[in-house]
Amino acid sequence: MMQKLFLPLVILPILLQSASGFAQGRGDWLPQSDVKSSYAALSVPTALKPVPDSLASLLTKGYRITTTADYGGSGALFTLVWQRQTVICVLTAPVPGTDQNVPTSRCWAMN
């Protein structure tokens, strides 16, 4: 029994460390759109439709968070999905000493 547990307990931390290191890596690891490379994707206009709902409201409606990211120190960026719709939201925390005294969110539908 102990031998069966030993291998997963050794491998799991290695895999998690590798995955977390990749996720926290530099944000510019993808080729830029103006680089002449077979791996560089074209910059294609993408429509973002403002959503009149808050992040909290979307979660209550059944959307689920699929990804999160830091939004340049000014909040958190969330990707949400529900059925076939994808929405991105920026959540901004209250800022002491300013008139921003409640959390706010801004959301856009991508499709």
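Residues numbered from 1 in each chain as written. Predicted model: local features only at pLDDT ≥ 70, side-chain atom pairs only at ≥ 80, totals over all residues. Heavy atoms only, no water.

Caption draft 1: A look at the state of the cysteines. By the definition in use, this model includes 1 disulfide. Note that C89 is cross-linked by a disulfide to C107, the S-S spacing being 2.1 Å. Negative torsions about the S-S bond denote left-handed disulfides, and the value of about 115 degrees found for C89 with C107 makes this one right-handed. In this pair, C89 sits in strand β4 (residues 85-92) while C107 sits in strand β5 (residues 104-109), placing the two residues 18 residues apart along the sequence. Relative accessible area serves as the criterion here: at 4%, C107 is assigned to the buried category. (Disulfide = S-S within 2.5 Å. Helix = DSSP H or I, 4+ residues; strand = E, 2+ residues; numbered from the N terminus. Buried < 20%, exposed > 50% of the residue type's maximum accessible area, 1.4 Å probe, protein only.)

Caption draft 2: Spotlight on the sheet that holds β5. On the basis of which strands lie adjacent, the open sheet formed by 5 strands has the order β1-β5-β4-β3-β2 and antiparallel pairing. Across the chains shown, the open sheet's two edge strands, defined by having one partner strand only, are β1 (49-51) and β2 (64-70). Across the sheet, the mean angle separating the axes of adjacent strands is 25 degrees when strand polarity is ignored. Alignment of β1 against β5, held across 3 bridges, turns out to be antiparallel. (Pairing = 2+ DSSP bridges. Axes fitted to C-alpha atoms, helices over the stretch in contact; angles between N-to-C directions.)

The values are spatial; any link to function lies outside them.
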